[in-house]
Amino acid sequence: MRIVVKNSSEEAADFSAEFMVQSIRGQSDITLGLATGSSPVRTYEKLIERHKNNDVSFKSVTTFNLDEYLGLTGDHPQSYRFFMNEKLFNHIDIDFSNTHIPNGSSPTPVQACNDYESLIQQKGGIDLQLLGIGRNGHIGFNEPTSSLTSRTRVKTLTKDTVEANQHNFTEEEYQPHLAMTMGIGTIMEARQILLLATGEGKAQAIRDMVEGPLAAKCPASMLQMHMNATIVIDRDAAKLLEDVSFYEYIEQERQQLMSR
Ligand code: GLP
């Protein structure tokens, strides 16, 4: 794992936006895996800015989102389809038919998950997967004890996750307790992974993921097995890591090597 510790959440967003822009420039027909939640919002804002400055085009980019609430249609303000349109897709030059999100209102969700999985394969797999992390170490909606080789499927959310995401829903709004999510096995097949986390609330999950044992109790710990995973965090999220100075030292060495 490459661990990049930034001084602020703003710098972490700068890093991830730059990382994504470089990847898109390097491969204009790239397939991106995208995430929702508050973590990537600033990164998306920066991508929109870069696009408006003619710095990057999404014309040939394909996207697959990690997950969607089961039971919400794409026009529901709390659906992840709505989120992605609002926070990114409506503001860039992407072809909407190349943007994919599990269909939360499918009458046959199990089949829809299998079809989603097949579509990812058909399109040649994911080149770069952007991830956030839940406070309990989940990635996508793969909650603790999820199979570490799981594929896209329907998952029950933990009470913790439902509570953590409650602030997005008004009192009258139905908050789903089920979701469709790429599996950990699906995520692990992405050729590159970029996980972004900021704030003290994520510190324990980051520690478990980076320095803890490989365990289904912390689904993100499976990323220890990925050959090309970059973890970008701010100081608050890095708070519980044992050896931040070592990670910083490696980064410095890396910068020196790159500038040679
Ligand atoms: C949700 C999403 C995850 C996301 C997580 C963290 O549960 N399914 O993909 O990483 O929340 O959200 P936030 O970035 O808001 O902390």
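Not measured: the values here are computed from a predicted model.

(A) Local environment of the packing of helix H1 (residues 9-26) against helix H2 (residues 41-52). Relative to each other, H1 and H2 sit at 50°, their axes nearing to 8 Å. When the axes of H1 and H2 are compared, the pair comes out oblique. For the pair H1 and H2, the crossing hand works out as right-handed. Residue-level inspection shows Glu 10, Ala 13, Asp 14, Ser 16, Ala 17, Glu 18, Met 20, Val 21 and Arg 25 of H1 in contact with H2, the latter providing Arg 42, Thr 43, Lys 46, Leu 47 and Arg 50. Here the residues of the contact of H1 with H2 are counted per class, giving five nonpolar, two polar and seven charged.

(B) Expanded view of the pattern of salt bridges. A complete count under the given rule lists 15 salt bridges for this structure. Measuring nitrogen to oxygen at the nearest pair gives 2.9 Å for the salt bridge that ties Glu 10 to Arg 42. Taken together, the residues span a long stretch of sequence, with Glu 10 in helix H1 and Arg 42 in helix H2 at a distance of 32 residues. A salt bridge links Arg 151 to Glu 117, with the shortest nitrogen-to-oxygen separation between them at 2.6 Å. Of this pair, Arg 151 sits in the loop between strand S6 (128-131) and strand S7 (153-156) while Glu 117 sits in helix H4 (residues 109-122); the two residues are 34 residues apart in sequence, bridging distant segments of the chain. In this structure Arg 151 comes out as partly exposed when scored by relative accessible area, which is 30%. The network of salt bridges with common partners includes Glu 10, Asp 14, Arg 42, Glu 45 and Lys 46.

(C) Structural detail: helix H3 (residues 80-87). Among the residues making up H3, those that are buried are Tyr 80, Arg 81, Phe 83, Met 84 and Asn 85. For H3, the secondary structure elements touched by its buried residues are strand S2 (31-34), H2, strand S3 (62-65), strand S4 (67-69) and strand S5 (99-100).

(D) Inspection of the sheet that holds S2 at higher detail. Spatially, seven strands are ordered S1-S10-S9-S6-S2-S3-S5 in an open sheet, and the strand pairing comes out parallel. At either margin of the open sheet sits one strand with a lone partner, and together these are strand S1 (2-6) and S5. As paired elements, S3 and S5 share two bridges and run parallel to each other. Considered in S5, the bridge of Phe 64 is made with His 100. Packing of helix H7 (residues 203-211) onto the sheet brings it into contact with S1, strand S9 (192-197) and strand S10 (229-234), and relative to S9 it is tilted by some 150°.

(E) How the structure looks around a nonpolar patch on the surface. A cluster of nonpolar residues, Val 110, Val 154 and Leu 178, forms a patch on the protein surface that exposes about 230 Å² of accessible area. One can find Val 110 in helix H4. By relative accessible area, which is 58% here, Val 110 ends up exposed.

(F) Region of the structure containing the sheet that holds strand S8 (residues 178-181). Read from one edge of the open sheet, three strands run S4-S8-S7, paired in antiparallel fashion. Single-partner strands in this sheet number two, and they are S4 and S7. Ignoring strand direction, the axes of neighbouring strands in this sheet form an average angle of 30°. Both S7 and S8 contribute to a ladder of four bridges, which runs antiparallel. Looking at the pairing, Val 154 lines up with Met 180 of S8.

(G) Layout of the pairing of S6. Residue alternation in S6 divides its side chains into two sets, Leu 128 and Leu 130 and Gln 129 and Leu 131, and both sets are buried. Both S2 and S6 contribute to a ladder of two bridges, which runs parallel. Considered in S6, the bridge of Gly 33 is made with Gln 129. Bridging between S6 and S9 involves four bridges; their strand directions are parallel. When the bridges of S9 are listed, Leu 130 appears paired with Leu 194.

Rules used in this analysis
- Residues numbered from 1 in each chain as written.
- Predicted model: local features only at pLDDT ≥ 70, side-chain atom pairs only at ≥ 80, totals over all residues.
- Heavy atoms only, no water.
- Axes fitted to C-alpha atoms, helices over the stretch in contact; angles between N-to-C directions.
- Helix = DSSP H or I, 4+ residues; strand = E, 2+ residues; numbered from the N terminus.
- Parallel < 35°, antiparallel > 145°, perpendicular 65-115°, else oblique.
- Left-handed = near helix turned anticlockwise from the far one by under 90°.
- Contact = heavy atoms within 4.5 Å.
- Nonpolar A, V, L, I, M, F, W, Y, C, P; charged D, E, K, R; others polar.
- Salt bridge = Lys/Arg side-chain N within 4 Å of Asp/Glu carboxyl O.
- Buried < 20%, exposed > 50% of the residue type's maximum accessible area, 1.4 Å probe, protein only.
- Pairing = 2+ DSSP bridges.
- Patch = residues over 30% accessible without salt bridge, like charges linked within 9 Å, V, L, I, M, F, W, Y side chains within 5 Å.
- Areas by Shrake-Rupley, 256 points an atom, 1.4 Å probe, with all protein chains shown as cover.

Fair warning: the whole summary comes from geometry, so function is off the table for now.
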